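Chain and residue survey
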Amino acid sequence: MGGGGSALRVCADHRGGINWLSLSPDGQRLLTGSEDGTARLWSTADGTCCALLQGHESYVTFCQLEDEAAFTCSADCTIRKWDVLTGQCLQVFRGHTSIVNRILVANNQLFSSSYDRTARAWSVDRGQVAREFRGHRNCVLTLAYTRAACVEEAAAGGLLVTGSTDGTAKVWQVASGCCHQTLRGHTGAVLCLVLDAPGRTAFTGSTDATVRAWDILSGQQLRVFREHQGSVICLELVNRHVYSGSADRTVKCWLADTGAWAVRHLQLRHPREASGRGRARSPSLSVPPAPRSPEGPRARGQRRRVFTVFTGSGDARARAFDAQSGALRRVFRGHAFVINCIQVGAPPSPGPAAGWRGLVGRPGGEGLSRGAGRAGAPPPAAHAPRPQVHGQVLYTASHDGALRLWDVRGLPPPRAAAPKRSLPRLFSNKVGCAAAAPLQPA
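Remember, it's a predicted structure, so these values are computed and weren't measured experimentally. (Residues numbered from 1 in each chain as written. Predicted model: local features only at pLDDT ≥ 70, side-chain atom pairs only at ≥ 80, totals over all residues. Heavy atoms only, no water.)

With that out of the way, let us pick up the overall build of the chain. Each helix and strand counted, the chain has zero helices and 34 strands in total. Out of the 442 residues in the chain, the part that is buried amounts to 62%. Accessible surface, the chain as shown: approximately 16,600 Å² in total, 46% of it carbon and sulfur. (Helix = DSSP H or I, 4+ residues; strand = E, 2+ residues; numbered from the N terminus. Buried < 20%, exposed > 50% of the residue type's maximum accessible area, 1.4 Å probe, protein only. Areas by Shrake-Rupley, 256 points an atom, 1.4 Å probe, with all protein chains shown as cover.)

This is the structure we're talking about:
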């Protein structure tokens, strides 16, 4: 069901695979980081390349785009800050001694994680290390930050949570650099993590095939989510639902407060197709919350608003599914290699922020599954989602070096939901998925 969609634009200026893409908060620009050692800024209005960001001496593992600056990290052990208007490198952050896996800009601070077993906090303006977080016994893969007003001694600088291949997550007081708690319980590497909105509970995913919930203030393990048959490599938390993507080629939806499956009668499956080119990617996940209607709750008899889940796959295709029934609505064909990252946004407008950006873990999250098998190119992981307006454009980035923009309006209506069965709600895919806001008619 759902024929192949055609791309609005194909941006093929990179000379290597694209490991990551990031949409600016205002929806005006898109940033891509590539195996060719460069990053590129694109206009979302017409798909033109606005700036070529050159300076890294090895491949770019991750990037984050803000309204006034772009940030990239690389296997050359550095982080760079760029002017989004001129493409000029404004600052080089040096200090890590191995591949920089992940960066996160929050609260006017830059946080980074590395294969050198450390995480660091930097001054965004001065480019100097403000804090170094040492204690993990192996590489640090994933990061999350929260303002921790509920912890008096940590309130000034907030809390940083890190996940490592040593099987633990650690909670750090940013102001002092001290380890506040070590979260022990996983029997494998911690590949991804996400925090709830209050910043009190952390959810971690691991190679031990479980998701675990923690009280980050006390360090207590609250619950364990078991059902996956492979490594959990990406997580997202939306409206008290936890979405977990696994190397078992499924994504499951759980109730955050109980650990139970959110819906027990839906099962969404991808065809088990292989691209035959490159290494198949495990799933990653990014699920932004659905915007609330300004008119309030749906009136009786009003037509149900359709929500769509978009996935990217190792078979070089993206797909659109109905979020309620799991019905396949469209297949987007055109890439030649594995799709490494996808995001959903809206056409730019002069009004409020038109786009959403995040870790498509990734989920991001999200550690060990890397673009084209290169160390340090993290799988998408889950960032705290930002509000978005009606998503109309799907962005896909592939190891073929191309960025594709797809018009996702006018998708065919989903099929009627299947009869209830005793099955968990799961989405099966290989690389990534992002849920869009309700689609408007074409």
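This part covers the nonpolar core. Ranked by size, the top nonpolar core spans 35 residues in total, and within it Leu31, Leu53, Ile79, Ile103, Leu110, Tyr395 and Leu403 carry the most contacts. Judged by nonpolar contacts, the second largest core, of 13 residues, contains Cys192, Phe225, Val232 and Val242. (Core = buried A, V, L, I, M, F, W, Y, C linked by side-chain atoms within 4.5 Å.)

Here four strands make up an open sheet; going across it, the order is β3-β4-β5-β6 and the pairing antiparallel. If you trace the sheet from one side to the other, it starts and ends with β3 (18–23) and β6 (49–53), each paired once. In this sheet, adjacent strand axes meet at a mean angle of 20 degrees when their direction is disregarded. Sheet topology places strand β5 (residues 39–43) next to β6; four bridges connect them, and they run antiparallel. Counterpart to leucine 41 in the pairing with β6 is alanine 51. (Pairing = 2+ DSSP bridges. Axes fitted to C-alpha atoms, helices over the stretch in contact; angles between N-to-C directions.)

Either a parallel or an antiparallel arrangement is found when strands of a sheet pair, and the pairing is made through backbone hydrogen bonds. Reading across the sheet, the four strands line up as β11-β12-β13-β14 and stay open at both edges, with antiparallel pairing between neighbours. Sheet topology places β11 (100–106) and β14 (129–134) at the edges, where each strand pairs with a single neighbour. In this sheet, adjacent strand axes meet at a mean angle of 15 degrees when their direction is disregarded.

Right, let's get into the pattern of salt bridges. Evaluation of the coordinates by the stated rule reveals eight salt bridges. The partner of aspartate 13 in a salt bridge is arginine 40, and the shortest N-O contact between them spans 3.9 Å. Placement of aspartate 13 in the loop between β2 (7–11) and β3 and of arginine 40 in strand β5 is noted, with a sequence separation of 27 residues between them. Salt bridges sharing common partners tie together Asp116, Arg120, Glu132 and Arg134. (Salt bridge = Lys/Arg side-chain N within 4 Å of Asp/Glu carboxyl O.)

This paragraph deals with the pairing of strand β18 (residues 179–183). In this sheet, β18 lies alongside strand β17 (residues 169–173) in antiparallel orientation, the contact comprising four bridges. Bridge pairing links alanine 169 to leucine 183 in β18. Between β17 and the antiparallel strand that follows it, β18, lie five residues; glycine 177 among them carries a positive phi value of about 80 degrees.

Our next topic: the environment of tyrosine 59. Looking at the element boundaries, tyrosine 59 is found in the loop between β6 and β7 (60–65). Residue class for tyrosine 59 comes out buried when judged on its relative accessible area of 6%. Note: C-alpha distance between tyrosine 59 and asparagine 19 (40 residues apart in sequence) is 8.9 Å.

What follows deals with the environment of phenylalanine 111. Among the secondary structure elements, phenylalanine 111 is positioned in strand β12 (residues 109–114). For phenylalanine 111, a relative accessible area of 0% corresponds to the buried category. Taking the C-alpha atoms as reference points, phenylalanine 111 and tryptophan 122, separated by 11 residues in sequence, lie 6.3 Å from one another.

Once that is clear, we can look at the side chain of threonine 182. Within the secondary structure, threonine 182 is located in strand β18. Its relative accessible area of 18% is what places threonine 182 among the buried residues. Reaching out from threonine 182, the side chain makes a polar contact with the side chain of lysine 170 at a distance of 2.8 Å. Other than its neighbours up to four places away in sequence, threonine 182 contacts Thr168, Ala169 and Lys170. (Polar contact = N/O pair within 3.5 Å; in protein donor to acceptor, adjacent residues only side chain to side chain. Contact = heavy atoms within 4.5 Å.)

All told, the structure shown has seven aromatic pairs when counted by the stated rule. Plain terms: the ring middles of phenylalanine 111 and tyrosine 145 are 5.1 Å apart, the flat faces sit at 25 degrees to each other, and that makes the pair stacked. Placement of phenylalanine 111 in strand β12 and of tyrosine 145 in strand β15 (residues 140–146) is noted, with a sequence separation of 34 residues between them. Like phenylalanine 111, the residue tyrosine 145 is buried in the burial classification. Pairing phenylalanine 225 with tryptophan 254 gives two aromatic rings, centres 5.5 Å apart and planes at 85 degrees, and the pair type is edge-to-face. With a gap of 29 residues between them, phenylalanine 225 in strand β22 (residues 221–226) and tryptophan 254 in strand β25 (residues 251–255) connect regions that are remote in the sequence. As far as burial versus exposure is concerned, phenylalanine 225 and tryptophan 254 are alike and both buried. Ring pairing ties together the aromatic residues Phe203, Phe225 and Trp254, which thus form one cluster. (Phe/Tyr/Trp six-rings, centres within 6.5 Å; stacked < 30°, edge-to-face > 60°.)

Applying the stated rule across the entire model yields zero disulfides. Not engaged in a disulfide, the cysteine cysteine 11 finds its nearest cysteine sulfur in cysteine 49; these two sulfurs lie 8.4 Å apart. (Disulfide = S-S within 2.5 Å.)

Moving on: the environment of tyrosine 145. Looking at tyrosine 145, the relative accessible area reads 15%, which means it is buried. Between the C-alpha atom of tyrosine 145 and that of glycine 199, which follows or precedes it by 54 residues, the distance is 8.2 Å. A polar contact is formed between the side chain of tyrosine 145 and the side chain of asparagine 107, at a distance of 3.0 Å.

Read these as geometric descriptors, not functional statements.
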